[in-house]
Amino acid sequence: MGRFVSIWFRYLRTDWFSLRQPELKKLPFVLRSPSRGRMIITAANSVAAQQGLHCEMAVADAKALVPELQVQDDIPDLTDKLLRRLAEWCIRFTPLVAIDPPDGLLFDATGCSHLWGGDDKYIEDITRKLQARGYDVRIAMADTVGIAWGVARFGNGSLIIESGITIDALVNLPPEALRLEADVTERLHKLGLHTIRQFIRMPRTSLRRRFGQHFLQRLDKALGSEIEILSPVHPVELYQERLPCFDPVATSTGIEMALKELLTKLCFRLQRGQKGLRKAIFKGYRIDGKVEKVEVGTNRPSHHVEHLLKLFQINLGTIEPSLGIELFVLEAPIIEEYLPQQEQMWNESGGLEDIRLSELLDRLAVRIGAHVIHRYLPDEHYWPERSVKLATSLQEKPSTQWPIKPRPVQLLPKPEPIEVTAPIPDYPPMLFRYKDKVHMISKADGPERIEQEWWLQQGQHRDYYRVEDEEGRRYWIFRLGHYHDKIYQWFLHGFFA
Amino acid sequence: MLPEAGVIMILNRKADILTELQSDILRLQGFRTVNNGLLDADLGVIKQAFPNASFPLSCIHEFITSQQEHRAATNGFLSGLLSSLLGVDGVLLWIGTSRYLFPPSLPAFNLSPERIIFIDVSKQRDVHWVMEEALKCKALTAVVAEVKEISFIESRRFQLAAEQNKVTGFLLCHQTKKISATACASRWKVSPLPSETIDDLPGVGSPKWHVELMKVRNGKPQSWDIQWVDGKFVPIYKTVSLFTEQNQKAG
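Residues numbered from 1 in each chain as written. Chains lettered and ligands numbered in written order. Predicted model: local features only at pLDDT ≥ 70, side-chain atom pairs only at ≥ 80, totals over all residues. Heavy atoms only, no water.

An unreviewed UniProt entry annotates chain A as DNA polymerase Y family protein of Chryseosolibacter indicus. Taken directly from UniProt, the Sequence similarities (unreviewed entry) text for chain A runs: "Belongs to the DNA polymerase type-Y family." (UniProt positions renumbered as here; feature names shortened; annotations may be inferred.)

Participant: Sorry, what's going on with a nonpolar patch on the surface here?
Facilitator: Taken together, the side chains of Trp-454, Trp-455 and Leu-456 of chain A define a hydrophobic patch exposed on the protein surface, amounting to about 430 Å² of accessible area. Following the sequence through the fold, Trp-455 of chain A ends up in the loop between strand 18 (437-450) and strand 19 (462-469). (Patch = residues over 30% accessible without salt bridge, like charges linked within 9 Å, V, L, I, M, F, W, Y side chains within 5 Å. Areas by Shrake-Rupley, 256 points an atom, 1.4 Å probe, with all protein chains shown as cover. Salt bridge = Lys/Arg side-chain N within 4 Å of Asp/Glu carboxyl O. Helix = DSSP H or I, 4+ residues; strand = E, 2+ residues; numbered from the N terminus.)

Participant: Can you help me understand the interface of chain A and chain B in this one?
Facilitator: By convention, interface size is frequently given as the accessible area that disappears when the constituent parts associate. The interface of chain A with chain B comprises 49 residues on the first partner and 48 residues on the second. For the pair chain A and chain B, the two sides together bury roughly 4,200 Å², of which 64% comes from carbon and sulfur. Sorting the residues of chain A by area buried against chain B places Trp-402, Val-409 and Gln-410 of chain A first, and these three jointly supply 15% of that buried surface. The interface formed by chain A and chain B holds one salt bridge in total. With a shortest N-O distance of 2.9 Å, Glu-133 of chain B and Arg-363 of chain A are connected by a salt bridge. In this structure, the connection of chain A to chain B is made through 19 residue pairs in polar contact (both at pLDDT 80 or more). Within the residue set of the side of chain A that touches chain B, elements represented by two or more residues are helix 14 (355-367), strand 12 (373-374), strand 13 (376-378), strand 15 (410-417), strand 18, strand 19 and strand 20 (474-480) of chain A. It is helix 14 of chain A that provides the largest number of residues to the side of chain A that touches chain B, a total of seven residues. Grouping the amino acids of the side of chain A that touches chain B by side-chain chemistry returns 27 nonpolar, eight polar and 14 charged. Judged from the two bridges that link them, strand 12 of chain A and strand 3 (residues 116-120) of chain B form a sheet pairing that is antiparallel. In the strand pairing of strand 3 of chain B, Ile-373 of chain A is matched with Ile-119 of chain B. (Contact = heavy atoms within 4.5 Å. Buried area = accessible area lost by both parts, 1.4 Å probe. Polar contact = N/O pair within 3.5 Å; in protein donor to acceptor, adjacent residues only side chain to side chain. Nonpolar A, V, L, I, M, F, W, Y, C, P; charged D, E, K, R; others polar. Pairing = 2+ DSSP bridges.)

Participant: What's the story with the packing of aromatic side chains in this structure? I'm lost.
Facilitator: The geometry of an aromatic ring pair comes down to the distance between the two centres and the angle between the two planes. Following the criterion strictly, the structure yields 33 aromatic pairs over all chains and no others. Pairing Tyr-464 of chain A with Trp-476 of chain A gives two aromatic rings, centres 4.0 Å apart and planes at 20°, and the pair type is stacked. A residue pair is termed long-range when its members are at least 10 positions apart, and Tyr-464 of chain A in strand 19 and Trp-476 of chain A in strand 20 qualify at twelve residues. For the pair Phe-63 of chain B and Phe-77 of chain B, a centre-to-centre distance of 6.3 Å together with 55° between the ring planes defines the contact as tilted. With Phe-63 of chain B in strand 1 (residues 60-65) and Phe-77 of chain B in helix 3 (residues 68-86), this residue pair connects regions lying 14 residues apart in the sequence. In this structure an aromatic cluster arises from ring pairing among Phe-50, Phe-55, Phe-63, Phe-77, Phe-109, Phe-170, Trp-188, Trp-209, Trp-228 and Phe-233 of chain B. (Phe/Tyr/Trp six-rings, centres within 6.5 Å; stacked < 30°, edge-to-face > 60°.)

Participant: Just to check I follow, could you spell out the pairing of strand 21 (residues 489-495) of chain A for this structure?
Facilitator: Taken residue by residue, a regular strand's side chains alternate between the two faces of the sheet. Residue and element names in this part refer to chain A. The buried count for strand 21 comes to six of seven residues, which makes it a mostly enclosed element. Direction of pairing for strand 20 relative to strand 21: antiparallel, over a ladder of six bridges. Looking across to strand 21, one finds that Leu-480 is bridged to Gln-489. (Buried < 20%, exposed > 50% of the residue type's maximum accessible area, 1.4 Å probe, protein only.)

Structure follows, in structure tokens:
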């Protein structure tokens, strides 16, 4: 026979808020969220609950009842996150912890409690530790999930039901303790069936006809004649490898050997789990208490030992062993999925997908820095400086077309002012002076007017001309502003091929 | 009629024999041509200057520029070359310290800017390191590096790395007052020429350059006037060959 524990967090979300703002603990406090054009209460703390406030109540009504009410906005998905975090934390009590939404956890505690010295001490320890974390809980233990759940929420007497007792524990509870749908419990109450005792001996066929198959399933689960399967949470696997050294290591050869050993172990684990690391930190704990570390990052998940070793080797010389290193630790804080078909696709495929290319870029990033690697995609702006944007990854595809209008092969990062002789109003210049050299213009195209994007930047428009001087050199020049403003200026912005 | 036809036939035979002999000598010297059908088709008359009439890949080509305008012209010519070299899914690495290349201009030369990865480092030393690392990466089709000057030893290292890993490298040497000897397979100089428009219409025409192949291993140095029209190199006319005894000694 198994043993199951059900934990009921009575005020899960408000407790979490009170932990962050301890002054809320003593005050009536509710959480609100908008629903159908008004604010309703989604959670109330113990003080507010005692004063008659409950969920689904309008915040305005609640404030009328309790003027000193504290109200804060609810955080969506908070329950799931909190329960998951608590479930992972509770793995210390049993290896099988399942989340029981909306406000509980379920343990399969079979064969666990003797380690604490009995059921009483086991439950006491869980209660004490959860209360120390700031949560108001009710915890029950029984032979089936159903009874534990019902007793935790509706039980009056002892919350620990001894092994072998099933029906007796259940009979005094209301029908809600069977985890039924709201309309079924409502129907039971209407029929005057206020405790389980009143209907548990009724013939199964008539119960099924009136309340459906699901009702009987719930009853069977509570009595243990139908097995209930929990889906336990899995703890996050830590990708970390340690290598303690018998004698302190002070040579570069030794450090490299340690690194290789750790990398091989870590990569084997990653490969088995179909994962690849994006970031790895190699730490050496020195005997004088200082920690030396080297960090590498990769462009795509990798579990390739040789490649990672090469990346580390670039900066391995920065490790100062001093008197010696007694412990090496290799951790991979950022892990991503690495599917075998990706490997197949990237290897030797050529182009941007090639794994050898991303390995080259990894080496550059480690040696010089990731900021030197640029790849450009077209952006939807006419303003030349804004017409390209940096790609975020090697795989990113252009989302728009490259401009069709002629653009200079070389663009100056900042337009340089030039002196110009030009017939007004809109003809291209006849000559211009750039860096003390006069260029006589023989051919010209334009103007191409490019307006400032006022939602991004204020300023005057540019009239671009493509000009060629007598020696055949081609330039991109522009006039900033209108002629009649009298404050226009000419600039050289680029060179055509 | 008959004797004249016979003379022409003999002359043709002679030319055939000579080219055959030349390719035999190249083969005996250990020179291997890499198949690059697409590039040679696009190069047209230029390919005649190269050994076996094929643009040499897996080696280093050096481009010399002095002024900014020449740089732009060189970039234009090089982009045209690279477009047929990269093909459908080739990747190019462009390394430099002060890069002015403007990616949106490249589609005009049939080159997709998203296939280029730019490495903008701050030190010349890093450019050389990245260049050598990149030439060892078989996933790349070509590598372009903008350098100030290059020593013979460095160029030799690049050349060896390129030969071993089948990557083609291009060096853009700026500001070279004295041109030192390098181990590169060829040396080019591109300068802009006044453009021509169809029927003398007003406006700026297609890019036009004077392309000078100053030095080429196992080939004939030449120069051409070339126009870039509708995504193709169009030679204007073939100038007199610069191949002289003096040049041969210097090269």
